[in-house]
Structures are given as structure tokens and as C-alpha cells.
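# A closer look at the structure
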Amino acid sequence: MTDTSSSSGGRSFEELDVLTTEELREQAFALARERRDVKFFWSVLRHLPNADEAAALDGAPNSVGPTVDEAVALWREMTGHGYEESAPLLRAAFIDYLMKH
């Protein structure tokens, strides 16, 4: 039997791949919170479908409504409610993070 876990003590790809994307997200986010890994959260935010629209807002008073709407959309995506076409990429990022840490 071969050891497919990473050298840093993370779990193997096979072990993580059987989990749902939501389970992976929960575990990766819990680990990132524990490690205070803002870089990981930032990388996840950049890959969400609504990230481009949120970044394009200029912060003018008349854009407060859209800013709130975009923030809500990003929150829903980060909490697993609307990954859309980013699901495979995010799933891979969650697995990678959990394997490395």
C-alpha cells in the first residue's frame, strides 16, 4: 500500500476527493481561520463569479445598492450557495489547501 498523503501531514487526494464541495469548503475555511490565512480567503474570493462585478464598483454614493448586492452575492458564493461555473476550480483549491496544510 502506498502513502499518498502530502509530506506536510495533510490528507491524501483520494481521501478528500470523496467529500462534497461543501464539506471541502467547510474544512478548508475552518483550517484557514485557524491559521489566520487571509491569503487563502483572498484567493477564493478572486475566483468567485461575482468578484469581477464587485471589484468594478467605484464606491460612489449611487452605487451603494449594487455594492450591497454584490457583497451579498459574494457571501452566498463563499458559503457554498452559488459557485456556478467556478465550482471545479474552487473544489480543486479546497483540496489543494487541505492537502498542503
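The structure we're discussing is the one just above.
Residues numbered from 1 in each chain as written. Predicted model: local features only at pLDDT ≥ 70, side-chain atom pairs only at ≥ 80, totals over all residues. Heavy atoms only, no water.

A separate point is the packing of aromatic side chains. By convention here, two paired aromatic rings are described through the distance between centres and the angle between planes. By the definition in use, this model includes 6 aromatic pairs. On the basis of an interplanar angle of 70° and a centroid distance of 5.1 Å, the ring pair of F29 and F41 is categorised as edge-to-face. Here F29 is found in helix α2 (residues 21–35), whereas its partner F41 is found in helix α3 (residues 38–46), with 12 residues between them in sequence. The pair F29 / F41 is uniform in exposure class, with both members buried. The rings of F29, F40, F41, F94 and Y97 are connected pair by pair, giving a single aromatic cluster. Directly above the aromatic system of F29 lies the positively charged group of R25, at a separation of 5.1 Å from the ring centroid. (Phe/Tyr/Trp six-rings, centres within 6.5 Å; stacked < 30°, edge-to-face > 60°. Helix = DSSP H or I, 4+ residues; strand = E, 2+ residues; numbered from the N terminus. Buried < 20%, exposed > 50% of the residue type's maximum accessible area, 1.4 Å probe, protein only. Lys NZ or Arg CZ within 6 Å of the ring centre and 35° of its normal.)

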